[in-house]
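An overview of the molecular structure
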Amino acid sequence: MKLYIAVGTAVLLVMAIFIIVFVAYYQQKQIRQQLILKEWQEKYRKGLLAATLQAQEHERRRIAQDLHDEIGTMLSVTKLSLNQLGRTVEHNDPGSTVLVQKTRSLLDETIANVRRISRDLVPTTLERFGLVSALEELAEKASNGEVHVELSCSDKMPTLLPQLDLTLFRIAQELINNAIKHANAENIIIDLHCQPTGILLSVIDDGRGFDLDEILKDKKRGLGLRNIESRLNVIDGHVTFDVEEGRGSRIHIQVKNLKPEVEVEVEAV
Amino acid sequence: MFLLLAIGTGLVNYFFLDKPNRWLLRMLIFSFAISLIQIHDAAYRHNNTYLYNLNSLVEMSGFAVAYWTELKSRRNRSLVLSGFVIYVLVFLYDFSWTNIAGIALGVQRIIMIMYALLYFHYILTKMQIQNLLIHSMFWVSAGAIVHAAGTLFVFLFVKVTLGDLSSNGSYYLYITIVRTFSAFFYLVLLVSFWLRRREFRVTGRLTV
Ligand SMILES: Nc1ncnc2c1ncn2[C@@H]1O[C@H](COP(=O)(O)OP(=O)(O)OP(=O)(O)O)[C@@H](O)[C@H]1O
Ligand SMILES: [Mg+2]
């Protein structure tokens with residue numbers, strides 16, 4: 001009897017220990033698998049976002065090209081023939097000259113608009129001269145009698161990956177648009193700063209500010225802020241909203257610079 | 001001795017304990033009170049075996065509440081509850097002032113094992129715990145299962161093992177086994193209280 005008890009106890013104990021070890025092992029394995037799966041999903045989502053953004057840029061470029069090459073050309077041709085028409089009209093029917101003049105100026109305006117739109121769609125300056133110049137141009141364009149946009153940046157800007165450039169530029173564009181559209185700001189400062197760990201872009205306005213929580217809760221809100229977040233998601237960036245109702249907003253964007261110099265060099269060789 | 005240590009750590013870390021661990025601590029304090037009475041009775045050569053039975057009731061209640069608070073699903077809770085009810089019925093039937101209620105204690109072990117298995121099942125299906133090895137309830141369950149498995153047969157066949165004091169030393173052998181496993185279990189509880197503190201810190205840091 002005693003032997004049975006001893007053996008039974010031993011068997012039970014071994015079983016208990018076995019179960020414990022099994023549970024611990026199995027659980028850890030599952031957790032690891034879950035982590036891998038999550039990582040994979042995250043990567044997939046990022047890839048999808050990146051692809052979407054790229055497609056967007058692509059489409060813009062195509063539209064800009066079509067606009068410039070086709071409509072722009074057609075408009076130029078139209079202007080030429082209008083000039084001819086104007087000359088004939090001047091001889092035969094001086095009364096219609098005013099009308100021709102008016103049409104011509106409308107046409108000129110349209111041509112200018114098409115050029116502007118096609119240029120805005122694709123940030124040419126960014127591609128040719130880099131982020132700083134593009135932001136300068138942006139500030140200059142946005143400044144007018146009511147708002148004053150200023151760019152301040154640290155002297156030594158490293159070359160960035162093209163994608164990083166574009167992301168920062170688009171974000172700055174949206175933030176400035178917001179500051180002009182919603183904040184009634186008089187002064188807007190774009191601050192571009194190079195840190196050892198990455199790039200810090202801040203857009204600071206002196207407008208009326210807003211309540212971030214309320215905006216985030218609003219289901220009908222615009223796409224601007226959401227787009228900023230998804231753009232940053234792709235490049236592992238961060239956005240910090242230092243905002244409050246009744247005072248100017250400060251919005252900081254932080255991205256890691258992925259040391260593109262090496263990659264660019266490799267590509268160039 | 002280990003019981004005291006476990007209570008001590010439990011109290012030190014009381015702030016960090018979550019609900020189930022707090023219940024376990026309360027259970028320990030009751031157990032401690034009972035063992036004090038036990039020592040007292042033994043010193044005066046009173047009969048103290050009924051206290052083993054009472055202690056079992058206290059332990060079981062503590063466990064039932066602890067697992068009740070930890071296992072959140074309705075099915076698990078009803079299992080915990082029914083286990084406890086079965087135990088109480090057996091306990092009432094088997095309780096005696098002069099003998100160790102072997103069946104009741106055996107059933108307690110079985111139900112403790114059941115609880116621990118239930119908890120393992122819960123862990124494996126829920127998958128919410130990131131690092132199991134520092135999760136205190138896991139260790140509590142592991143300790144409980146070892147403790148219960150080690151002492152189950154001793155109590156189920158109490159007539160043979162702890163029944164007669166006269167037989168050549170077997171009572172002392174078995175009571176030592178029981179004490180060893182209890183001490184082991186208290187030790188595990190002690191560790192788990194500390195772990196709970198650490199876990200608390202880790203999760204606290206994560207949420208900040
Ligand atoms: N600098 C700012 N100052 C004050 N309010 C702001 C500022 N930036 C954003 N907001 C508020 O946050 C809201 C959400 O901005 P968001 O850019 O997401 O959308 P939107 O500008 O309204 O639309 P979209 O950008 O899609 O054209 C705005 O409607 C505005 O009320
Ligand atoms: Mg906007």
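First things first, this report covers the structure right here in the doc.

Thresholds, definitions, all that
Within each chain, residue numbers correspond to sequence positions counted from 1 in written order. Just so you know, chain letters begin at A and ligand numbers begin at 1, following the order they were written in. Local features are withheld for residues below a pLDDT of 70 in this predicted model, meaning they are given only at 70 or higher, and side-chain atom pairs are given and counted only at 80 or more; totals for whole chains, interfaces and linings count all residues. The basis for every side-chain value is the complete set of non-hydrogen atoms in the structure, without hydrogens or water. Helix and strand labels come from DSSP, where a helix needs a run of H or I of at least four residues and a strand needs a run of E of at least two; each type is numbered from the N terminus. Computed with the Shrake-Rupley method and a 1.4 Å probe, the accessible areas treat only the protein chains shown as cover for residues. Only buried residues count toward a nonpolar core. Its members are Ala, Val, Leu, Ile, Met, Phe, Trp, Tyr and Cys residues joined through side-chain atoms within 4.5 Å. In this scheme, a residue with accessible area under 20% of its type's maximum is buried, one over 50% is exposed, and one in between is partly exposed, where area comes from a 1.4 Å probe on protein chains only. Contact criterion: two residues are considered in contact whenever any of their non-hydrogen atoms come within 4.5 Å of each other. A pair of aromatic rings is counted whenever rings of Phe, Tyr or Trp (Trp by its six-membered ring) have centres within 6.5 Å, and the orientation is called stacked for planes under 30 degrees apart, edge-to-face for over 60 and tilted otherwise. By the convention used here, strands pair only if DSSP detects at least 2 bridges between them. Between N-to-C directions, angles cover 0 to 180 degrees, with each direction set by a line fitted to C-alpha atoms, over the stretch in contact for helices.

1. A few points about the overall build of chain A
Of regular secondary structure, chain A possesses 7 helices and 5 strands. Mapped from its N terminus to its C terminus, chain A presents α and β elements in the order α-α-α-β-α-β-β-α-α-β-β-α. Counting every atom, chain A has about 17700 Å² of accessible surface; 58% of that belongs to carbon and sulfur.

2. Description of the nonpolar core
Grouped together as the largest cluster of nonpolar side chains are 56 residues, with contacts concentrated most on Phe63 and Tyr67 of chain B. Of all the secondary-structure elements, those providing two or more residues to this core are α1 (2-92) of chain A together with α2 (19-43), α3 (49-70), α4 (74-94), α5 (102-126), α6 (136-156) and α8 (170-207) of chain B. No other element matches the 13 residues that α5 of chain B contributes to this core. If sequence neighbours within four positions are ignored, Tyr67 of chain B has contacts with Val80, Tyr115, Ala116, Tyr119, Met137, Val140 and Ser141 of chain B. Core analysis: the second largest hydrophobic core is formed by 39 residues, Ala134, Val149, Ile176 and Ile253 of chain A among them.

3. Structural notes on the side chain of Ser249 of chain A
Examined against the element boundaries, Ser249 of chain A turns out to sit in the loop between β4 (238-242) and β5 (250-256). Look past the residues within four positions of Ser249 of chain A in its chain and what remains in contact with it is Val203, Ile204, Asp205, Gly209, Phe210, Asp242 and Val243 of chain A.

4. Some remarks on the packing of aromatic side chains
What the rule picks out here adds up to 12 aromatic pairs over all chains. Look at Trp40 of chain A and Tyr44 of chain A: their rings are 6.0 Å apart centre to centre, the planes differ by 10 degrees, and that puts the pair in the stacked class. Within this pair, Trp40 of chain A and its partner Tyr44 of chain A are both found in helix α1, separated by 4 residues, close to a single helical turn. Ring centres of Phe63 of chain B and Phe185 of chain B lie 5.7 Å apart, and the angle between their planes is 25 degrees; this geometry places the pair in the stacked category. Taken together, the residues span a long stretch of sequence, with Phe63 of chain B in helix α3 and Phe185 of chain B in helix α8 at a distance of 122 residues. Accessibility classification places Phe63 of chain B together with Phe185 of chain B in one group, the buried group. Each residue in the set Phe63, Tyr67, Tyr115, Tyr119, Tyr122, Phe185 and Tyr186 of chain B is aromatic and connected to the rest through ring pairs, giving one cluster.

5. Some details on the sheet that holds β5 of chain A
Residues and elements named next belong to chain A. Taken in spatial order, the 5 strands of this open sheet run β1-β2-β3-β5-β4, and their pairing is mixed. In the strand order of this sheet, the two ends are held by β1 (148-153) and β4, each with one partner. Between one strand axis and the next, the sheet turns by 15 degrees as a mean value, whatever way the strands run. As paired strands, strand β2 (residues 187-194) and strand β3 (residues 198-205) are joined by 7 bridges and run antiparallel to one another. Paired with Asp191 across the strands is Ser202, a residue of β3.

6. Side note on the pairing of β3 of chain A
Residue and element names in this part refer to chain A. In terms of burial, β3 is largely enclosed, as 7 of its 8 residues are buried. Sheet analysis places β3 next to β5, joined by 7 bridges and oriented antiparallel. In the sheet register, Leu201 faces β5, and the bridge partner there is Ile253.

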